[in-house]
Number of protein chains: 4
Amino acid sequence: MGFCAEQLERHAALWHSMLTHPFLIATRDGTIADERFARWMRQDYLFVEAAIPFIAALVPKAPRAHWRPLAGAITALEKELELFEGRARVVGVELRGTPPSFVAHAYIQFLLATALRAGYAEAFTLLYAAEKAYHESWKVVRSGLEETSPWQPFVENWAGSAFAEYVGWLEGELDRLAAAAGEAERERMAETIALTVRYEIAFWQMALTDESWPGLEE
Amino acid sequence: MGFCAEQLERHAALWHSMLTHPFLIATRDGTIADERFARWMRQDYLFVEAAIPFIAALVPKAPRAHWRPLAGAITALEKELELFEGRARVVGVELRGTPPSFVAHAYIQFLLATALRAGYAEAFTLLYAAEKAYHESWKVVRSGLEETSPWQPFVENWAGSAFAEYVGWLEGELDRLAAAAGEAERERMAETIALTVRYEIAFWQMALTDESWPGLEE
Amino acid sequence: MGFCAEQLERHAALWHSMLTHPFLIATRDGTIADERFARWMRQDYLFVEAAIPFIAALVPKAPRAHWRPLAGAITALEKELELFEGRARVVGVELRGTPPSFVAHAYIQFLLATALRAGYAEAFTLLYAAEKAYHESWKVVRSGLEETSPWQPFVENWAGSAFAEYVGWLEGELDRLAAAAGEAERERMAETIALTVRYEIAFWQMALTDESWPGLEE
Amino acid sequence: MGFCAEQLERHAALWHSMLTHPFLIATRDGTIADERFARWMRQDYLFVEAAIPFIAALVPKAPRAHWRPLAGAITALEKELELFEGRARVVGVELRGTPPSFVAHAYIQFLLATALRAGYAEAFTLLYAAEKAYHESWKVVRSGLEETSPWQPFVENWAGSAFAEYVGWLEGELDRLAAAAGEAERERMAETIALTVRYEIAFWQMALTDESWPGLEE
C-alpha cells in the first residue's frame, strides 16, 4: 500500500468528519443558506488566491520534473478564481473587500509557512492533502446536488475528471516522495496530512458559522 | 509622533480589548481557574518555543546592527522556557506532550510565514507588536496580583524593567524602520500590528475557553 | 529621470564593459570559435533553467498584479530552453551533462539567495538588470550578425520586439517600486544592478575563456 | 563507516588539493607575502560575518535539539570577528571598507541560497564541510608555523581543541542525518560536500592571487 492510501486509512476518522460536515451535506441537499454559501465563496476566494504564492514557493525546492506541473497548477488556480467571479456575478455576491476570517487567515499562514520552511516532500504533502480534500468534498456534494444548482460549476471543477487526474498525479508523486524519504521525514509528512484535514474542517465550520476572530465580536 | 505611538492610537480599541480581556483580569484578581491558567502555560510554552525559529529567520534579513540584539532575544526566549518549566514544576503542571491548540498553531504559522515571506521591517513589526502586547498585558496583571501568587515570576519577566528596556529598543528601531519605509510598506507594517493584536486576543480567548480545532470535538 | 535611467547612467562604465565584451563582439562579427560559443550555450542553458525557480521564488513576495506577468516570464523561460535545444541540435552540441562552471554556479546562487532573502523590490531589480543586460547584449550582436548565422534565433529572442516590450514593462515597474521605496532600500537596489552587471560580464568572460573553478585544473 | 568518513574518502583528491594549496603551505612556512595574507583577512572577515545569517537561517529548519548548538555557533562567529579585528590591529591591516572579491561574494551567495532553499540535512552538510575544511586547513598551518607568528591565534582558533570538539559534534550529527535521509537526499548532501570544498579552494586561490571580478580589471 502506498503512503497516501496508508494515510487515508490512518486518518479515516478525520476524513469522515470532513466529508460528513454539515456544510457539505446542506450544500449537497440544497438546504444551505445563501449567506453561508456566500461566506464560503468570499473566504475561499481569498484562500485560492493565496494558494498561488504557496505553489510558486514550492518550485525552488521541487525536482525539475515538477516545475511544469506546478506551473500548470498555478494556471488552474487563476481559472478557479475566474470561476468564483463568474458564480458570484450569477448569484449577486460581492467577492472583493471582505477581510479574511480568522480561520482563512490561519490556513493561509499554514500554507505559506510550510512552503517556505519545510522540505519539499513535506510541503508537497500539504498540496496533495488540500487538493484531495477538495476533490472528495465536492464528490460528496455532487452525489446529491440538483442539476440546476448554481453550484454545479464548482462540482464540475473539483469533482470532475480533469481534477481527478491532477489529484491522481499528486498521489503518485507523493507516494514516490514518501518511499524515498527517511523515517522522520515520512512522519512529518503524515502529520501534515492530519493538520491539513483539520484546517479543511475548520474552514467548512467557519463557512457554516461565522467569520469572527476569537475574542472579538464582529 | 513616531510610528509606534501613532499605531497604538490608531488601534486603541483593539489594544483595549486585549488589555481588558477576562483572562488577564481574572489572573490579576486571582480568580483564574487553575485549569485555565495551566492551559495558557502549556500553549504559551509552545508559542515561546516557536518564537526562536521566528527570530532566527529574521537575522538574514536584518541590518548588521540588529544581529546581536536578535541573538540576545533568542537567549532570552530560552530563559523564558526555563521560567515556564520552573513554574510548571511548582504548580504540578505537565508542560510537554500537549498538541498545539488551533489558535496556537495558527499564531505560530503567522510568525513563521511573516518572518520567511515579508520584508524585514514588516516582520520586525510583528516582533515588536507581540512583545509590546506581552509587556502591557502583564503590567495589567501586575497591577493587582497578590505578592504571593505563583505567577509573580511571569509578572517580573514581562512587566519588569529589563523587558521594558527591550521593548523600548524595539520601539525605537521600529520607529526608525517605519520612517525609512515607503508608504505601501508602512501600511503593511500597520496592518501587521493590528493582526498581531488580534492573534494575541485570540490566544487569551483560547486560554480562557478551549484548545479545540473548529468543527472537531476534543 | 526614472530609477532605471538614472542607474544606467550611474553604471555607464560597467554597461560599456559588458556591451563591448570580446565575446559579444566576436559573436557579432562571426569570428567566435565554435567551442567558445558552445561553452556559452551549455552554461547559459543551465542558467536559464535556474532562472525558473528564481522567478517562482519572487511570486510570494510580489504584489498581486505581478503574479501573472511573473508566471508568463516562467513560460517564456521554458520556451528559451527549447530554443537552446533546437539550436544545439542544429549545430551538433550536446547541452546536457555539463556541470556548471564556477561563474555559472556562482551567478545561480546569487539569483536564488537574492530571491529568497531580499525584499521584493531588490529581488525584482536583479530580474530587470539581467533581462535588460540580455536585451542590450543581443542588440549588439544583432548590429553585425550575418543573416544566415545559426545564432539569429537567439538574436530574435532577446533583441526582438516581444522581449523589448517585456523589458519595458520591467523598467516601468522597477521605476515605480524605486519611487515607493525608502532611501536605504533604493541604495540596495542600485547595488543590485551593479552586481548583476558584474556577474553578466563574468559570464561572458567565462564563455570566452574557460569553465574552471579557481585553483582547480580541469 | 559513517557518511562523513565515506565522503572524505570519496572526495580525497579535492581535500588533498585544498590541504596542499600554496596559500596554506606558504602560510605554514612563514613565506606568505603580507599583502596576500591581508587580502585573505579582509575577505574572510566578510565571509565569517556572512556565516552568521547563514546559520541563523538554518534554525527554522533544524530539529529542536540543534537550536542551542547553532546559537552557540553564532556566538563563536562573533568572537571570530573579534579575533580578526585584534589581529588586524596588531599587523596594521584595515579590515573594513573592502568590497567582496568575486569568489567571496559567490561563496556567500552559496551559503545563503543553500540555507534558504535546501532541506536541513543538505544545508547542515555545507556547515559541516566548511568548518571541517577550516579545521583541517589550519592544522596544516599549525604543523609548521613559528611560535612567534602573528597568525598563531588563528591556528589556536581553528586547529584547537574547542573547535575540534565542535567539528566532531557536526560530524556525529551529520552522520545521523545522512543515515536518516533517503537516497536522493544523501546524494545531494554528498554533492554539497564536493561543492563546498571547491569553494574553499577557490577562496584560497583568490587570497593567493587577486580579488578581481572576471572580465573586469581592478
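Peer 1: Quick question: what am I supposed to make of the overall build of chain A here?
Peer 2: Within chain A one finds ten helices and zero strands. Ordering the α and β elements of chain A from the N terminus gives α-α-α-α-α-α-α-α-α-α. Computed over C-alpha atoms, the radius of gyration of chain A comes to 17 Å, within 12% of the 17 Å expected from 2.2 N^0.38 for 218 residues, which places it in the range of a compact globule. Principal-axis analysis of the C-alpha atoms gives chain A an extent of 50 × 35 × 35 Å. When burial is assessed residue by residue, chain A has 61% of its 218 residues classed as buried. If you sum the accessible surface of chain A, you get close to 8300 Å²; carbon and sulfur atoms cover 52% of it.

Peer 1: Which parts of the structure should I look at to understand the side chain of histidine 105 of chain D?
Peer 2: Note on placement: histidine 105 of chain D falls in helix H6 (residues 102-117). Apart from the residues within four sequence positions on either side, histidine 105 of chain D is in contact with Phe110, Leu195 and Tyr199 of chain C together with Pro100 and Trp213 of chain D.

Peer 1: What am I meant to see in the relation of the copies chain D and chain B here?
Peer 2: One copy of the chain maps onto the second through a rotation about an axis and a displacement along it. Once chain D is rotated about the relating axis by 180° and shifted along it by 0.0 Å, it coincides with chain B to within an RMSD of 0.0 Å. With respect to symmetry, the two chain copies, as superposed, fit the operation of a two-fold axis. With an isologous cut-off of 70% or more, the 100% of interface residues of chain D that recur at the interface of chain B puts this contact in the isologous class.

Peer 1: How should I be thinking about the relation of the copies chain A and chain B in this particular structure?
Peer 2: Least-squares fitting of chain A to chain B yields an RMSD of 0.0 Å, with the superposition described by an axial translation of 0.0 Å and a rotation of 180°. Looking at chain A, 100% of its interface residues are interface residues in chain B too, so the copies touch through the same face.

Peer 1: Would you mind showing me how to read the interface of chain A and chain B here?
Peer 2: How big an interface is tends to be stated in terms of the accessible area lost upon association of its parts. Contact residues are listed per partner, giving 25 residues for chain A and 25 residues for chain B. Summed over both partners, the interface of chain A with chain B buries about 2300 Å², with 72% contributed by carbon and sulfur atoms. Taken together, chain A and chain B are joined by zero salt bridges. Where chain A packs against chain B, one counts two residue pairs in polar contact (both at pLDDT 80 or more). Looking at the side of chain A that touches chain B, the elements that each hand over two or more residues are helix H2 (12-19), helix H6 (102-117) and helix H10 (183-208) of chain A. Tallying contributions element by element places H6 of chain A first for the side of chain A that touches chain B, with eleven residues. Looking at the side of chain A that touches chain B, its residues break down into 16 nonpolar, six polar and three charged.

Peer 1: Whenever I open this one, the packing of aromatic side chains confuses me. Can you help?
Peer 2: To describe a pair of aromatic rings, one takes the distance between the centres and the angle between the planes. Applying the stated criterion across every chain yields a total of 126 aromatic pairs over all chains. Where phenylalanine 23 of chain D meets tryptophan 204 of chain D, the ring centres are 5.3 Å apart and the plane angle is 25°; that geometry is what we call stacked. Of this pair, phenylalanine 23 of chain D sits in helix H3 (residues 22-29) while tryptophan 204 of chain D sits in helix H10 (residues 183-208), and the two are 181 residues apart along the sequence. With a relative accessible area of 0%, phenylalanine 23 of chain D lands in the buried category. With a centroid separation of 4.7 Å and an interplanar angle of 15°, the aromatic rings of phenylalanine 110 of chain D and tyrosine 199 of chain D are classed as stacked. Taken together, the residues phenylalanine 110 of chain D in helix H6 and tyrosine 199 of chain D in helix H10 connect sequence positions 89 residues apart. Take phenylalanine 110 of chain D and tyrosine 199 of chain D: they sit in the same class, and that class is buried. Over the aromatic face of tryptophan 213 of chain B sits the side chain of arginine 198 of chain A, whose NZ or CZ is 5.2 Å from the ring centroid.

Peer 1: Where do I start with the environment of leucine 174 of chain D in this structure?
Peer 2: Residue and element names in this part refer to chain D. Relative to the elements of secondary structure, leucine 174 occurs in helix H9 (residues 161-180). Taking C-alpha positions, leucine 174 is 20 Å from alanine 76, a pair spaced 98 residues apart along the chain. The contacts of leucine 174, once residues within four sequence positions are left out, are Phe3, Cys4, Ala121, Phe124, Thr125, Tyr128 and Met189.

Peer 1: Even after reading the chapter, I still don't get the packing of helix H1 (residues 3-10) of chain B against helix H10 (residues 183-208) of chain B, so can you show me in this structure?
Peer 2: When two helices pack together, you describe them by how their axes are tilted relative to each other and by the distance separating the axes. Residues and elements named next belong to chain B. The N-to-C vectors of H1 and H10 enclose an angle of 55°; their axes lie 10 Å apart at closest approach. It follows that H1 is oblique to H10 by the angle criterion. When the axes of H1 and H10 are compared, the crossing they make is right-handed. Counting all contacts with H1, which are made through Phe3, Gln7 and Arg10, the residues of H10 involved are Arg186, Glu187, Met189, Ala190 and Ile193. Looking at side-chain class alone, the contact of H1 with H10 contains four nonpolar, one polar and three charged residues.

Peer 1: Looking at this structure, I do not really get the side chain of glutamate 80 of chain A. What am I missing?
Peer 2: Residue and element names in this part refer to chain A. Along the chain, the position of glutamate 80 falls in helix H5 (residues 67-91). Nearest to the buried, unbridged glutamate 80 among oppositely charged side chains is lysine 79, at 11 Å. Every residue in contact with glutamate 80, bar those within four places of it in the chain, is listed here: Val48, Asn157, Trp158 and Phe163.

Peer 1: What exactly am I supposed to notice about the interface of chain D and chain B here?
Peer 2: Opposite the 13 residues of chain D that make contact, chain B presents 13 residues. Taken over both partners, the interface formed by chain D and chain B buries close to 1300 Å², and the fraction arising from carbon and sulfur atoms is 65%. Run the count over chain D and chain B and you get eight salt bridges. With a closest N to O distance of 3.3 Å, glutamate 78 of chain B and arginine 68 of chain D form a salt bridge. Seen at the junction of chain D and chain B, the total is eight residue pairs in polar contact (both at pLDDT 80 or more). Among the secondary structure elements, those contributing two or more residues to the side of chain D that touches chain B are helix H4 (34-58) and helix H5 (67-91) of chain D. Its residues assigned to classes, the side of chain D that touches chain B comprises eight nonpolar, no polar and five charged.

Peer 1: Mind showing me how you'd approach the nonpolar core here?
Peer 2: Most often, soluble globular proteins keep nonpolar side chains buried together rather than apart. Formed by 371 residues in total, the largest nonpolar core has its most connected members in Trp40 of chain A, Trp40 of chain B, Trp40 of chain C together with Trp40 of chain D. Setting aside residues up to four positions removed in sequence, tryptophan 40 of chain B forms contacts with Phe23, Tyr45, Phe84, Tyr134, Trp138, Phe154, Trp158, Phe203, Trp204 and Ala207 of chain B.

Peer 1: Where do I start with the pattern of salt bridges in this structure?
Peer 2: Think of it this way: side chains of opposite charge can pair up when their charged atoms draw near. Residue and element names in this part refer to chain A. In the structure shown here, the tally under the stated rule is 59 salt bridges over all chains. A salt bridge links glutamate 211 to arginine 42, with the nearest nitrogen and oxygen atoms 3.8 Å apart. Taken together, the positions of glutamate 211 in the segment after H10 and arginine 42 in helix H4 (residues 34-58) put the pair 169 residues apart, joining distant regions of the chain. Using a relative accessible area of 25% as the deciding quantity, one classes glutamate 211 as partly exposed.

Peer 1: Looking at this model, I keep getting lost on helix H7 (residues 120-142) of chain D. Mind explaining?
Peer 2: When the terminal C-alpha atoms of H7 of chain D are compared, their 33 Å separation across 23 residues agrees well with the 33 Å that a helix rising 1.5 Å per residue should span. Counting buried residues in H7 of chain D gives 21 out of 23 residues, a clear majority hidden from the surface.

Peer 1: Just checking my understanding: could you explain helix H2 (residues 12-19) of chain C for this structure?
Peer 2: Note: α-helices contain 3.6 residues per turn, so residues at a spacing of three or four share the same orientation. Residue and element names in this part refer to chain C. Listed in full, the buried residues belonging to H2 are Leu14, Trp15 and Met18. The buried residues of H2 occupy an angular sector of 100° when projected down its axis, which confines them to one face. Facing away from the buried side of H2 by over 90 degrees, the exposed positions are Ala13 and His16. Elements that come into contact with the buried residues of H2 comprise helix H1 (3-10), helix H3 (22-29), helix H7 (120-142) and helix H10 (183-208).

Peer 1: How do you make sense of the confidence of the model for chain A when you look at a structure like this?
Peer 2: Should the pLDDT be low somewhere, the predicted coordinates at that spot are not to be read in detail. Per-residue confidence for chain A gives a mean pLDDT of 97; residues scoring 70 or more make up 100%. Listed scores for the predicted complex are pTM 0.97 and ipTM 0.97.

What counts and how
- Residues numbered from 1 in each chain as written.
- Chains lettered and ligands numbered in written order.
- Predicted model: local features only at pLDDT ≥ 70, side-chain atom pairs only at ≥ 80, totals over all residues.
- Heavy atoms only, no water.
- Helix = DSSP H or I, 4+ residues; strand = E, 2+ residues; numbered from the N terminus.
- Rg over C-alpha atoms; globule rule 2.2 N^0.38 Å.
- Buried < 20%, exposed > 50% of the residue type's maximum accessible area, 1.4 Å probe, protein only.
- Areas by Shrake-Rupley, 256 points an atom, 1.4 Å probe, with all protein chains shown as cover.
- Contact = heavy atoms within 4.5 Å.
- Least-squares fit on C-alpha atoms with pLDDT ≥ 70 in both.
- Buried area = accessible area lost by both parts, 1.4 Å probe.
- Salt bridge = Lys/Arg side-chain N within 4 Å of Asp/Glu carboxyl O.
- Polar contact = N/O pair within 3.5 Å; in protein donor to acceptor, adjacent residues only side chain to side chain.
- Nonpolar A, V, L, I, M, F, W, Y, C, P; charged D, E, K, R; others polar.
- Phe/Tyr/Trp six-rings, centres within 6.5 Å; stacked < 30°, edge-to-face > 60°.
- Lys NZ or Arg CZ within 6 Å of the ring centre and 35° of its normal.
- Axes fitted to C-alpha atoms, helices over the stretch in contact; angles between N-to-C directions.
- Parallel < 35°, antiparallel > 145°, perpendicular 65-115°, else oblique.
- Left-handed = near helix turned anticlockwise from the far one by under 90°.
- Lys, Arg positive; Asp, Glu negative; His and termini not counted.
- Core = buried A, V, L, I, M, F, W, Y, C linked by side-chain atoms within 4.5 Å.
- Expected span 1.5 Å × (residues − 1).
- Arc of directions from axis to C-beta.
- pLDDT = per-residue confidence, 0-100.

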